[in-house]
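# Residue-level structure breakdown
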Amino acid sequence: MSLLSRILNRVTPRSSAAAPAPWPQAPQSIRVSGGDGGALTIRAGWLIDGRGGPVRRNVRIVAKDGGIVGLWDASAEPEGFAAEVLPDYSGCTVIPGLVDSHVHLTLSGSADEEFRKRLRAASYESIRRVIGDHLQDHLNHGVVAVRDGGGTRGYALRCARGYSGPVRVCAAGRAWHREGRYGRLIGRPPGKGLGLAEAIRQDDEPVDHLKIVNSGLNSLTEYGKQSAPQFDLRQMSAAVKAAAERGLSIMVHANGAEPVRIAVAAVCRSIEHGFFMGKDNLARMADQGVTWVPTVVTMSAYARIFEQTGRNPDVALRTLDHQLEQLAIARLRGVRLALGTDSGSPGVDHGAAVIEEMKHLMQAGYSLPEAIHCATLNGARLIGGEFGLIEPGRPATFVIVEGGPSTLPEGLRKIRAVFICGIKQFEAG
Ligand SMILES: [Zn+2]
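Numbering of residues starts from 1 in every chain and runs along the sequence as written. Totals for whole chains, interfaces and linings use all residues, but because this is a predicted model, local features are given only for residues with pLDDT of at least 70 and pairs of side-chain atoms are given and counted only at 80 or more. As a rule here, side-chain values come from all non-hydrogen atoms in the structure, and water together with hydrogens is ignored.

### Considering the coordination of the zinc ion
Because water is not among the atoms used, a metal site may look incomplete, as its donors are only the N, O and S atoms within 2.8 Å, or 3.2 Å for Na, K and Ca. Each protein donor to the zinc ion is listed here as His-102 (NE2), His-104 (NE2) and Asp-342 (OD); together their distances run 2.1 to 2.2 Å. Donor residues binding the zinc ion come from one chain and are separated in sequence as H-x1-H-x237-D. Relative accessible area decides the class of each residue, using a 1.4 Å probe on protein chains only: under 20% of the type maximum gives buried, over 50% gives exposed, and in between gives partly exposed. Here His-104 falls in the buried class, since its relative accessible area comes to 5%.

This is how it looks when you write it as structure tokens:
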């Protein structure tokens, strides 16, 4: 957080006439496979391809023109590819580039309320730099795409439209919530006299997806307390239809049985958080193909902050346990799950939180390849990305981690290299 504090102290508000500051550049961005017809070969000690199946040993990955053209046994010498062989990665594990399916780029993981307040009031130019740092934090942990869940001033969307860095940013702009209910910190209500669907139709912000808030936050003092839905089924179904007319999907913030039931019945794209949604909703989600983004790490972060500050962490810990139980049911029931951290929430740091969230999935019974499947292919599906799998025909977008699979997910702190569409973003010394 000290880095962010330094940035906020350093940056003085600019007049609108001032030239915008350049985006921070990813270090050592090296084109190793471009449009020159050159190919590259990676000898992976272990490969986790993103499908959720078993780990493969000693695989030769060949990429050309930014895409994967073949996977062979490491000892094979495939013909027809005069490939540049990259440094020896035979002691490394290769996984697809990760997707964090729920972030708030304008917020930081600091638990310091004063600091969070300053961030919320900071100028666009300051926030733009903060977002640049957050995106670098994501890349440093192997995250190549993020799905932003909204901010009160829509700065992440504004930034995303001018950003040409390596991490793909999909942004909701400002979320929609009902007047007088939770959501002011990440969005706005429909304008006076407008219904939700009407407001969505009239809005012309260039968003990548929509975010609707349909419940309150989880209580951290009263275990299992549920809040009433913000929108009913008729309103939510009309919103899904209005979004579809604009070619957009909807991510719905929903905790508790009734808010989730409405969002699932309206067949929104994903349920965000879903604490205390219950077994029936999990079964409906599996049947309807609605994705769940459980953001478990938010609750372990609250428990940790409470322990550190002398507050009672019991409700947060019990809520965490309940969410892990729901995850175990979701896995058995075949609910499609995408990993999302809600980074920017107190104690949830951009990039690093992916490691904690993956650990939570594994605590609930997901194998490492299954957890990686949630953090790659299922996230890519939510944002319509071609990446998320290491197989021929897909972009050569992958993360190379030191050591074997047993070092994961912790090993994401020691990334050897990240490639995006065949372009090496960095190589650790
Ligand atoms: Zn969120």
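### Digging into the packing of aromatic side chains
Two rings from Phe, Tyr or Trp (for Trp, the six-membered ring) form a pair when their centres are within 6.5 Å of each other. A pair whose planes differ by under 30 degrees is stacked, one over 60 is edge-to-face, and the rest are tilted. Counted according to the given criterion, the structure contains four aromatic pairs. Here the aromatic rings of Tyr-124 and Tyr-155 are separated by 5.1 Å at their centres, their planes lie at 70 degrees, and the arrangement is edge-to-face. Taken together, the positions of Tyr-124 in helix 3 (residues 124-140) and Tyr-155 in helix 4 (residues 155-162) put the pair 31 residues apart, joining distant regions of the chain. Judged on exposure class, the residue Tyr-124 and its partner Tyr-155 are both buried. Under the scheme used here, helices are H or I runs from DSSP no shorter than 4 residues and strands are E runs no shorter than 2 residues, and both carry numbers assigned from the N terminus.

### What to know about the layout of surface pockets
As defined here, a cavity is a set of points on a 1 Å grid over the protein atoms alone where a 1.4 Å probe fits but cannot get out. A pocket is an open set with protein on both sides within 12 Å along at least five of seven lines, and residues line them when an atom is within 4 Å of a point. Grid points are joined across faces, edges and corners, and a volume is the space filled by probe spheres set on the points. Estimated volume of the largest pocket: approximately 640 Å³. For the lining of the largest pocket, the elements supplying multiple residues, two or more each, are helix 2 (113-121) and helix 9 (297-308). In terms of residue count, helix 9 provides more of the lining of the largest pocket than any other element does, five residues in total. Among the residues making up the lining of the largest pocket, the classes are represented as 13 nonpolar, nine polar and six charged. Classification used: nonpolar for Ala, Val, Leu, Ile, Met, Phe, Trp, Tyr, Cys and Pro, charged for Asp, Glu, Lys and Arg, polar for all others including Gly.

### What about the environment of Ile-200?
If you trace the backbone, Ile-200 turns up in helix 5 (residues 196-202). For the pair Ile-200 and Val-240, spaced 40 residues apart in sequence, the C-alpha separation works out to 9.5 Å. Every residue pair with non-hydrogen atoms within 4.5 Å of one another is taken to be in contact. Here Ile-200 is in contact with Trp-176, Leu-210, Ile-212, Ala-239, Ala-242, Ala-243 and Arg-246, once residues within four sequence places are set aside.

### Some points on the sheet that holds strand 8 (residues 143-148)
If you walk across this open sheet you meet the three strands as 7-8-9, and the pairing is parallel. Pairing within the sheet leaves two strands with one partner each, and these edge strands are strand 7 (98-103) and strand 9 (168-171). Direction aside, the axes of adjacent strands within the sheet are offset by 15 degrees on average. With four bridges joining them, strand 7 and strand 8 adopt parallel strand pairing. In the strand pairing of strand 8, Val-103 is matched with Asp-148. Axis geometry follows a simple rule: fit a line to the C-alpha atoms, using only the stretch in contact for helices, then measure angles between N-to-C directions, giving values from 0 to 180 degrees. Contacting strand 7, strand 8 and strand 9, helix 3 runs over the sheet at an angle of about 130 degrees to strand 8. By this definition, two strands are paired if DSSP reports at least two bridges between them.

The analysis is restricted to geometry; functional conclusions fall outside its scope.
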